[in-house]
Amino acid sequence: MPPKPVNSELKNFWKLGNEELNTQYFDITRGGDLMIKEGNYQYNVVELIKKYGSPLEIVVPSIIESRLKNIIDYFNAYIKLLDYKGKFFYHYPMKVNQNKEYVLPLISEGANLETSSANELWIIKRLWEQEKFNSKIRVLCNGPKTQKYLSLIDELDRKGVIISPVIEEERELEFFKKYPGEVGIRVDLSVKVKSHWDKRFNHFGFPEEELLKIGKIRNLAILHYHISSQIESLDGITAPIKRAMYIYKKLKEKNPQLDTINIGGGAGVPYEKRKMYTTKSLINKVVKTFKSEADKLGIKHPNIICEWGRFAVAPAQVSIFKVISQKEIEGSTQAKAWYMLDGSFINDLKDTWAIKQKWHVTPANNLNDKKLKHVWLSGSSCDSDDIYTNGGHILMPKLEEGYDQYVAVFDTGAYQDSLASHHCLLSSPAKIILHNGAVTVARKRESPEEVGKLFGW
Ligand SMILES: *Cc1c(COP(=O)(O)O)cnc(C)c1O
């Protein structure tokens, strides 16, 4: 019998193939397996698991590239359309994912960079020494600055890198007093936005009043704020812009060379596959707000920098696990069984545990199965917190004797890798890269020797 054609109902049901949900890169094969699309090239995820094993992290650099291209193109288009006089610059915040397979495609597609630590800057130093990036790329240095970090900024400035420290506090202000290059300064805005990260007490940046008391700051070019990550409403993006524009105008009175506002990160990803905002509407709103606020205040349009890292890279990675056993759940009205996975939420998708992150989870095979079950997922560390319930249940096919069931977790490209750990001495998953139809291994599955070594064995 010829295999059934996949209907769009099935894709709708699993929320795949939908651009507004960032799942346009995924489809379902005729046999009901998860498919990843790289342009018009197609990969069958089950075939990848059979070859590379599970748990498996799958990275698709073309997704990163197309998302960055979208950001840059939309900014430039709206700048033109709205007759905005400032320029746009994208800076990739390396802390979101420092892996080579993320950073290099971004550089190649036109990203500038932003670091949060001395070790991230060390990577940039090495790339610079090997002449791996165009000397026009600008590097912004954020985050608390240890002596090592400060010295490295100085060193790279002397070597000719366009590098601007973003001053966070008094000690840095003092240190960079004679800095020959341009500097930025970070303000702790009085605005609050709805998000996990916008705390009541914020320890980054100068409070508005203190900042305005400083007066003249040598070579000040950038006013920076980073209010939060994963801001789910457009007002949460525009309210801080409005406030920053006012501070910018005040700051510019004593610092006429100030010409740029850096709005930091914040653009969100629809992890739960509810529509949030499109890239187009987001960027339209940002440029419009910049223009109307600047015009209202009667100031020259500032250049715009954004550091939307999660937004650019989260959808570029899928994590795949295998169900190794099931166990009935007594007395829950939400789920019937635990599906135990061969990987770990607490280790490899740390935000599940740390901030109760919700993910889009689907089967990676049997997507056309009609017999679905309400389950909870558990990781293979022996920790009762190593679970994922989706705050309710997850739908998975019923397990069948003789068939493996795989689980796909989407949008795992942001933050999870550097937060990953080795609870119960579990190995990190293998990681593969899909690029131009070819598959390469970026990280082999860790052997017991390798994990043991980390603990002195
Ligand atoms: C973490 C961070 C970002 C990235 O924010 P996302 O919204 O998660 O992409 C950008 N800028 C600064 C200064 C940060 O600390």
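About the thresholds
- Residues numbered from 1 in each chain as written.
- Predicted model: local features only at pLDDT ≥ 70, side-chain atom pairs only at ≥ 80, totals over all residues.
- Heavy atoms only, no water.
- Helix = DSSP H or I, 4+ residues; strand = E, 2+ residues; numbered from the N terminus.
- Rg over C-alpha atoms; globule rule 2.2 N^0.38 Å.
- Areas by Shrake-Rupley, 256 points an atom, 1.4 Å probe, with all protein chains shown as cover.
- Lys, Arg positive; Asp, Glu negative; His and termini not counted.
- Charge placed at Lys NZ, Arg CZ, Asp CG, Glu CD.
- Near = heavy atom within 4 Å.
- Polar contact = N/O pair within 3.5 Å; in protein donor to acceptor, adjacent residues only side chain to side chain.
- Nonpolar A, V, L, I, M, F, W, Y, C, P; charged D, E, K, R; others polar.
- Domains from an automatic or database assignment.
- Contact = heavy atoms within 4.5 Å.
- Buried area = accessible area lost by both parts, 1.4 Å probe.
- Salt bridge = Lys/Arg side-chain N within 4 Å of Asp/Glu carboxyl O.
- Buried < 20%, exposed > 50% of the residue type's maximum accessible area, 1.4 Å probe, protein only.
- Expected span 1.5 Å × (residues − 1).
- Arc of directions from axis to C-beta.
- Pairing = 2+ DSSP bridges.
- Axes fitted to C-alpha atoms, helices over the stretch in contact; angles between N-to-C directions.
- Parallel < 35°, antiparallel > 145°, perpendicular 65-115°, else oblique.
- Left-handed = near helix turned anticlockwise from the far one by under 90°.
- Phe/Tyr/Trp six-rings, centres within 6.5 Å; stacked < 30°, edge-to-face > 60°.
- Lys NZ or Arg CZ within 6 Å of the ring centre and 35° of its normal.

With that settled, the discussion passes to the overall build of the protein. Counting its regular elements, the protein contains 15 helices and 22 strands. Against the globule reference of 23 Å for 457 residues, the protein gives a C-alpha radius of gyration of 24 Å, in line with a compact fold. Element-wise, carbon and sulfur atoms account for 52% of the exposed surface of the protein, whose accessible area totals about 21,400 Å². Considering the protein, the positive charge centre built from 65 side chains and the negative charge centre built from 56 side chains are found 4 Å apart.

Here the focus is the site of the ligand. Contacts to the ligand come from 16 residues, most closely from Lys95, Ser229, Gly266, Glu307 and Tyr415. Between the ligand and Tyr415, the relevant distance is 2.5 Å, taken from an oxygen atom to a side-chain nitrogen or oxygen of the residue. Against a free-state accessible area of 380 Å², the protein chains account for coverage of 93% of the ligand. A per-class count over the shell around the ligand returns four nonpolar, seven polar and five charged.

Parsing the protein into structural domains produces domain 1 (8-61 + 316-454) and domain 2 (62-313). Here the C-alpha centroids of domain 1 and domain 2 sit 33 Å apart. Domain 1 puts 26 residues into the contact, and the matching count from domain 2 is 27 residues. Between domain 1 and domain 2 lies a buried interface of about 2,600 Å² when both sides are counted; carbon and sulfur atoms form 55% of it.

For the structure shown, the criterion picks out 24 salt bridges. Across the pair Glu400 and Lys371 runs a salt bridge, and its minimum N-O distance is 3.7 Å. Of this pair, Glu400 sits in the loop between strand E19 (394-397) and strand E20 (406-409) while Lys371 sits in the loop between strand E16 (361-363) and strand E17 (372-378), and the two are 29 residues apart along the sequence. Since its relative accessible area comes to 39%, Glu400 is described here as partly exposed. One network of salt bridges, in which partners are shared, links Glu57, Glu101, Asp417, Lys431 and Arg443.

This brings us to helix H6 (residues 147-159). Helix length check: H6, at 13 residues, gives a terminal C-alpha distance of 18 Å against a target of 18 Å (1.5 Å per residue), a fit within 8%. Within H6, the full set of buried residues consists of Tyr149, Leu150, Leu152, Ile153, Leu156 and Asp157. For H6, the angular spread of the buried residues around the axis is 165 degrees, confining them to a single face. Facing away from the buried side of H6, by more than 90 degrees, are the exposed residues Lys148 and Arg158. Buried residues along H6 sit against strand E6 (112-115), helix H5 (118-129), strand E7 (138-141), strand E8 (162-167) and helix H7 (170-175). Just past H6, the residue Gly160 takes up positive phi, approximately 105 degrees.

Quick look at the sheet that holds strand E1 (residues 26-28) now. Note: strands within a sheet are paired through backbone hydrogen bonds, in either parallel or antiparallel orientation. Spatial ordering of the open sheet is given by E1-E2-E3, a layout of three strands whose pairing is antiparallel. Pairing within the sheet leaves two strands with one partner each, and these edge strands are E1 and strand E3 (41-44). Neighbour to neighbour, the strand axes of the sheet diverge by 35 degrees on average, direction disregarded. Strand direction decides the pairing type here: strand E2 (residues 34-38) and E3, joined by four bridges, are antiparallel. Its bridge partner lying in E3, Ile36 is registered against Tyr43.

Where H5 contacts H6, the axes come no closer than 9 Å and their chain directions differ by 20 degrees. On the basis of their axis angle, the class for H5 and H6 is roughly parallel. Seen along the crossing, H5 lies across H6 with a hand that is left-handed. Across from Ala118, Leu121, Trp122, Ile124, Lys125, Trp128 and Glu129 in H5, the residues of H6 making contact are Lys148, Tyr149, Leu152, Ile153, Glu155, Leu156 and Lys159. The residue inventory of the contact of H5 with H6, partitioned by class, reads nine nonpolar, no polar and five charged.

Of note, Glu101 is situated in helix H4 (residues 100-108). Owing to a relative accessible area of 11%, Glu101 belongs among the buried residues under this scheme. At a separation of 2.8 Å, a polar atom in the side chain of Glu101 contacts the side chain of Lys431. Not counting residues up to four positions away in its chain, the partners in contact with Glu101 are Val59, Pro61, Ile64, Lys431, Ile433 and Ala442.

Turning our attention to the packing of aromatic side chains. In the structure shown here, the tally under the stated rule is 16 aromatic pairs. Both rings, one in Tyr74 and one in Tyr78, keep their centres 6.5 Å apart while their planes meet at 25 degrees; by these two values the pair is stacked. Taken together, the residues Tyr74 and Tyr78, both in helix H3 (residues 61-81) and four residues apart, mark about one turn of the helix. The class of Tyr74 is partly exposed, set by a relative accessible area of 24%. A network of ring pairs unites the aromatic residues Phe75, Phe88, Trp308 and Phe311 as a single cluster. Directly above the aromatic system of Phe311 lies the positively charged group of Arg67, at a separation of 4.7 Å from the ring centroid.

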